[in-house]
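One-letter residues, chain by chain:
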Amino acid sequence: MDKRIIKEGFLIDPGNNRIGIYDLLIEGENIIKVEEEINLNHGAEVINAKGKYIVPGFIDLQVNPGNTIEYIADILPFCGITTPLVMPCNTFSGIPIIEHYGGLKNMLDVCEGQSVNIATAVSIEPYDTRGHETYAKLAVPYERLSGRIEEFIEYGITAIGEVVLPLGGIAHIESDISQEFLDKLLDKSILYDIPLLLHTGAGLNGVQRAVETAGGRRLHICHVGSTVSKDSIYEAIKILENNPNITTDTHLSEIAGSTSKSSGLVLEYFKRGEVVKIDPATLQVAVQKDLNTSVPPFYYNKEKVFENNIICALSDRVDAIESDELGDGIRAKFMLKNLFKIVNIVSLEHVKIKLLTKFVEKLTVNPAKILNINRGALAEGNFADILLLDLENEKIDTVLVNGEKVIWQGKLTGMKPGKRIKYKA
């Protein structure tokens, strides 16, 4: 097997409470030694990480493959993401992404052998769902809930999600039975011990109703900072503090978005003249004048969304940071850009390391625990999903996935060592 040594980098590994200057020895797809100094006379490639931070590859709790899985898989490593949770709740060329691949099984087969590992989550929606092309296809009557979850488990789907329910107000779908449906779906997800990720719909009331409906059952609430952008984020955090069974995440971006022209949120912000397109290469912004001729994805800025996202990213009560990537790489790039900017505001070195450690924890070991997957840490025996962060120059120029170099000197290597991360009972 190929051996590699990463030398003299500053390791930040919250999953193992290890911070400091360390060397890592990698053999094949695994880390086999982590020590302050490792010396091998021959037989190993040396990767010099001096002046850089060695961290586990990021686990992103929501990536929507708007331009296909293959397309986004080659962009994500540049953003530090080595294991995205892919949610096929979007459209590609106007049709639901699952249909583009000719069915769920075909789509899952594509997830193996990409530039990144791919975990998967597929939504289950109320039978009266309307108002969104893809979510309507994922609607399931009550009597089929168990069968659908069993199908997910048979296919190795990692989680149920992102379940969109307008519990507190406008969401990407419309439904009159959201709270009742969530209650029944929670009963089934707990029975099968499969993670359930929920979009509560806009507003603080949605978070409150989701927590009340959970009633002590395990539940993950997605991007709370964006969800309560019109209300008090502090009230939302207070609700979460009293309910340790609930985990949650936040964006780290100033933009929300959708791939659907019929999304209620897209229509709301288009009326205000605030729906934009963003160029994936230059990140230049153009206001959209005609939704009929515009091509998704669409972006908009909710009130207080960036302020909320920063508060959540810093809060000890919000467990994870995710991009809610729409398939063109823009939101993942914003996430990494803002992470670098926020950390580099800090002047005191020890404070900077503490802040970076908090962010790394929310992008690695915490999402791994939420999904119950064996990723996100760099101890002996762990998979070698590794980033070298160049904090000074605000970039990532080296990425390893399962011990293989996927990005080297800032460029894709063409290697495709990624695995499909399957449900683990």
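Anything mentioned here points back to the structure above.
Calculation notes
- Residues numbered from 1 in each chain as written.
- Predicted model: local features only at pLDDT ≥ 70, side-chain atom pairs only at ≥ 80, totals over all residues.
- Heavy atoms only, no water.
- Helix = DSSP H or I, 4+ residues; strand = E, 2+ residues; numbered from the N terminus.
- Buried < 20%, exposed > 50% of the residue type's maximum accessible area, 1.4 Å probe, protein only.
- Lys, Arg positive; Asp, Glu negative; His and termini not counted.
- Salt bridge = Lys/Arg side-chain N within 4 Å of Asp/Glu carboxyl O.
- Contact = heavy atoms within 4.5 Å.
- Axes fitted to C-alpha atoms, helices over the stretch in contact; angles between N-to-C directions.
- Parallel < 35°, antiparallel > 145°, perpendicular 65-115°, else oblique.
- Nonpolar A, V, L, I, M, F, W, Y, C, P; charged D, E, K, R; others polar.

A. Spatial organisation of the side chain of Arg 18. By the secondary structure assignment, Arg 18 is in strand β2 (residues 18-27). As a buried residue without a salt bridge, Arg 18 has its nearest oppositely charged side chain in Glu 380, at a separation of 4.2 Å. In this structure, Arg 18 is in contact with Leu 11, Ile 12, Asp 13, Val 34, Leu 378, Ala 379 and Glu 380, ignoring residues within four places of it in sequence.

B. Looking closely at the packing of helix α7 (residues 204-214) against helix α9 (residues 233-241). Between α7 and α9, whose axes approach to 10 Å, the crossing angle comes to 5°. Compared by their axis directions, α7 and α9 come out roughly parallel. Touching Leu 204, Gln 208 and Val 211 of α7 are Glu 235, Ala 236 and Ile 239, all from α9. Looking at the contact of α7 with α9 residue by residue, the classes come out as 4 nonpolar, 1 polar and 1 charged.

C. Local environment of the environment of Gly 201. Residue position: Gly 201 is located in the loop between β12 (196-199) and α7. Among the residues examined, Gly 201 registers a relative accessible area of 0% and is labelled buried. Residues Gly 201 and Ile 26, spaced 175 residues apart in sequence, show a C-alpha to C-alpha distance of 44 Å. Among all residues touching Gly 201, those that are not within four sequence positions of it are Leu 165, Pro 166, Gly 169, Ile 170, Ala 171 and Thr 227.

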